[in-house]
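Given next are the chains, with one letter for each unit.
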Amino acid sequence: MFEKVLIANRGEVALRIHRACREMGIRTVAVHSEADANAMHVRLADEAVCIGPAKSADSYLNKPAIITAAHITGADAIHPGFGFLSENADFAEMVEKHGIAFIGPTSAQMRLMGDKITARKAAIEAGLPVTPGSPALDTIEDAIDWAEKIGYPVIIKAKDGGGGKGMKIAFNKDELNQAYTMARAEAKAAFTSDVVYMEKYLQNPRHIEMQILADKYGNVVHLGERDCSIQRNNQKVIEECPSPALNDAERKKIGEIVRKAVEKIGYTSAGTLEFLYENGEFYFMEMNTRLQVEHPITEAITGIDLVREQIRIASGAALGYTQDDITFNGHAIECRINAEDPSNFAPCPGKIVEWHAPGGLGVRVDSEIYSGYTIPPYYDSMIAKLIIHGKTRNSALMRLRRALEECIIMGVKTTIPLHQEIISQAEYIDGQYNIHWLENFMEKNK
Ligand code: ADP
C-alpha cells in the first residue's frame, strides 16, 4: 500500500481524498495555488506545497510543478480528483514515467476512452448500445450525407468535448450548415482539435450513468446507476440513485451489459459510463475515466467507499468481491450547492461570515468551507455537496427538505433556494423529469 499520496486538486474533492487516505493510514500532501493558502485541504493535509499563482493554468494544471512537489515530498502516488488534470492522459503518462502511481486508469485507457470517437468505437465493439452516429466528419458534404442517413434532428459534437462545449443541434439541412461550422469553431477554441462527429439528437431523454469498479486482474463490478437528468447548461444540478425511471430487471440488464463491456475494454479503476435513456432504451454517450462529483450517492446506497477502492486498485489490490456481493440499500440524492446568485447564476465569491452544516441521520455534507473562509474568484463555484440517504425515495426527499432548511451559509449567495424550489415541484416529487425539465421550469418561472 502507498505511504504518501499527493492530492492534485483543491476544494471538497481534495478533502474527500484526504479523508480516505487518513482512514487507510496513508499520509497526504496537499498542493495549492497562492490564492488557496488558507484552504481547508491545505490545513488538513500532513504536508502542503505551493505550486504556483492563482490562475489554474499556472498551478492546478501545472504538470511539472505537481510532479516536482511529489518528488520533493516523497509521495508514491498522485490522486487527480475530478476536473483539472483528472482526464489528462499526458499527465497520467508523465506521472507513470516518473515512477509514481497514478490513482486512476492507465494513460492508454484514458486516451482510448477520453476521445469520444475512439470511445464510441470501443463501446460498439464491446457490445454497448450507442446513439446512432457518424465517424469524424471532414467536410460539410460528409455531414449532410450522414444526417440523411441518421435522420434529423442531429447533434454535432467535438471529439475531445467536455463541459457541454462544442455541441450544436440541427433540425434540418439549413440548420446543419451553421451547426457544423459553429461546432468546429467552438471545438477549436476550447479543445485545440476541431474534429467533430454527429449523433442522432434524442429529444426527451434522461441522463442515466453507470458506476463501475475494475481491478488489474479483470474483476469488474457495477454499482448501479445514477440519474443526473436535472441539468442546466448541460451541467448537473441534482443527482439521485436509483433512477425513478428504472426497475430492478432493467437495472440488472444494463448493469450486466456494462460489466461485460468494461471487462472487454480492459479498463481498470473507478469509471462511469454515461448514457441517454429514452423509451426504455439506453444510448452510450461517453465514459468518464475518473471519480465523479456525484459519486457519494452511490456510496450511500452500496456502502462502498469509492476513493478507497480507487487507491486499493491502483496499489495492485484485487477487488475481493463479486457482483453478487453488491447490494443496493435505500435511496440517495445529492444537491450541488454553488456560490452563485440563484436568479442569474452569476458566480458569487466572497467571505463566508457564517456556516452551519446540516446534520442528523442520513445527512452527509462534503465541503471545504468554514466560517471566515473567503471563496476565491478563480475556480469552480461549487462550495458544498449535500448528500441525503433514506430508506425510500420519499423519505430521502423529506430529509433533503429538512436538511436544506437547516443549512446556513451567510456572506455569499448560494443555489440553496433553487434546490428548495426544484424538490417541491410535483414533477420532481413524482420522478417525472428529463434533461430539459429544469430549463423548461426556469423558463416558465422567469
Ligand atoms: P460533455 O462531455 O461536454 O459533458 P456529453 O457527451 O456528456 O458532453 O453530453 C452532455 C449533455 O448533452 C448530455 O447530458 C445531454 O444533456 C446532452 N446530449 C449529448 N448528446 C446528446 C444526444 N445525442 N441527444 C440529446 N442530447 C444529448
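Above: the structure in question.
Keep in mind it's a predicted model, so treat the numbers as computed, not measured.

Chemist: I'm lost on the overall build of the chain in this one. Help?
Modeler: Tallying secondary structure elements over the chain gives 15 helices and 20 strands in all. Here the C-alpha atoms of the chain give a radius of gyration of 21 Å, agreeing with the 22 Å that 2.2 N^0.38 yields for 446 residues. Across its three principal axes, the chain shows a C-alpha extent of roughly 60 × 50 × 45 Å. Looking at the chain as a whole, 57% of its 446 residues qualify as buried. Here the contacts in the chain between residues at least 6 apart in sequence split such that 66% fall between residues at least 24 apart. In the chain, the 49 positive side-chain charges and the 60 negative ones have mean positions that sit 2 Å from each other.

Chemist: For this particular structure, what's the right way to read the nonpolar core?
Modeler: Soluble, globular proteins show a tendency: their nonpolar side chains are buried together. Counting residues in each nonpolar core, the largest one holds 38 residues, and the members touching the most others are Ile230, Ile238, Leu386, Ile409, Ile422 and Tyr428. Secondary structure elements with two or more residues in this core: β11 (235-241), β14 (331-338), β19 (382-390), α12 (393-406), α13 (416-422) and α15 (437-444). Per-element accounting of this core gives the leading share, five residues, to α12. If sequence neighbours within four positions are ignored, isoleucine 409 has contacts with Ile337, Ile352, Glu354, Trp355, Ile369, Ile383, Thr414 and Ile416.

Chemist: Explain the pairing of β11 to me, please; I cannot follow it from the model alone.
Modeler: Side chains on a regular strand alternate between the two faces of the sheet. Taking burial as the measure, the seven residues of β11 include six buried ones, the bulk of the element. Relative to β11, strand β10 (residues 220-232) runs antiparallel, the two sharing four bridges. The residue of β11 that forms the bridge with aspartate 227 is glutamate 240. Counted along the chain from β10 to the antiparallel partner β11, the turn is two residues long, and its residue asparagine 233 has a positive phi close to 55°. As defined by bridge partners, β11 adjoins β14 across four bridges and the pair is classed as antiparallel. Bridge pairing in β14 places isoleucine 238 opposite cysteine 335.

Chemist: Explanation requested: helix α8 (residues 173-191) in the structure shown.
Modeler: Owing to its 3.6 residues per turn, the α-helix brings residues three or four apart onto one side. With 19 residues, α8 ought to run about 27 Å at 1.5 Å a step, and its terminal C-alpha atoms sit 26 Å apart, in line with that. Three or more residues of α8 are buried, namely Leu176, Ala179, Tyr180, Ala183, Ala187 and Phe191. Buried residues of α8, viewed axially, fall in a sector of 105°; they line one side. Those residues of α8 that are exposed and aimed more than 90 degrees away from the buried face are Asp174, Gln178 and Ala189. Residues of α8 that are buried sit in contact with α7 (140-150), β6 (154-158), β7 (168-170) and β8 (196-200). Where α8 begins, the side chain of asparagine 172 points an oxygen toward the backbone nitrogen of aspartate 174, at a separation of 3.2 Å. Just beyond α8, the residue with positive phi is threonine 192, at close to 70°.

Chemist: Would you take a moment to explain the site of the ligand for this structure?
Modeler: Near the ligand, the surroundings consist of 22 residues, among which Lys116, Lys157, Gly164, Lys200 and Glu286 are the closest. In the model, a nitrogen atom of the ligand is placed 3.0 Å from a nitrogen or oxygen of the glutamate 199 side chain. Surface burial for the ligand is 94%, taken as the share of its 560 Å² of free accessible area covered by protein chains. For the shell around the ligand, the elements supplying multiple residues, two or more each, are β6, β8, β12 (269-278) and β13 (281-288). A breakdown of the residues in the shell around the ligand according to their chemical character gives seven nonpolar, eight polar and seven charged.

Chemist: Hey, could you run me through the pairing of strand β1 (residues 4-7) in this one?
Modeler: Across the two faces of β1 the burial is the same, with Lys4 and Leu6 and Val5 and Ile7 all buried. Note that β1 and strand β2 (residues 27-33) share four bridges and pair parallel. Its bridge partner being in β2, valine 5 is matched across the sheet by threonine 28. The parallel pair β1 and β2 is bridged by helix α1 (residues 11-23), and the resulting crossover is right-handed.

Chemist: What is the right way to look at the sheet that holds strand β5 (residues 101-102) in this model?
Modeler: Sheet strands line up and pair through hydrogen bonds in the backbone, either parallel or antiparallel. Spatially, five strands are ordered β3-β2-β1-β4-β5 in an open sheet, and the strand pairing comes out parallel. Looking along the sheet, the strands with just one partner apiece sit at the ends: β3 (47-52) and β5. In the sheet, β2 pairs with β3 via five bridges, with the strands oriented parallel. The residue bridging valine 29 from the neighbouring strand is glutamate 47, located in β3.

Cut-off values and rules
Residues numbered from 1 in each chain as written. Predicted model: local features only at pLDDT ≥ 70, side-chain atom pairs only at ≥ 80, totals over all residues. Heavy atoms only, no water. Helix = DSSP H or I, 4+ residues; strand = E, 2+ residues; numbered from the N terminus. Rg over C-alpha atoms; globule rule 2.2 N^0.38 Å. Buried < 20%, exposed > 50% of the residue type's maximum accessible area, 1.4 Å probe, protein only. Contact = heavy atoms within 4.5 Å. Lys, Arg positive; Asp, Glu negative; His and termini not counted. Charge placed at Lys NZ, Arg CZ, Asp CG, Glu CD. Core = buried A, V, L, I, M, F, W, Y, C linked by side-chain atoms within 4.5 Å. Pairing = 2+ DSSP bridges. Expected span 1.5 Å × (residues − 1). Arc of directions from axis to C-beta. Polar contact = N/O pair within 3.5 Å; in protein donor to acceptor, adjacent residues only side chain to side chain. Near = heavy atom within 4 Å. Areas by Shrake-Rupley, 256 points an atom, 1.4 Å probe, with all protein chains shown as cover. Nonpolar A, V, L, I, M, F, W, Y, C, P; charged D, E, K, R; others polar. Right-handed = clockwise from strand over helix to strand, strands pointing away.

Everything listed here is a matter of geometry and, on its own, says nothing about what the molecule does.
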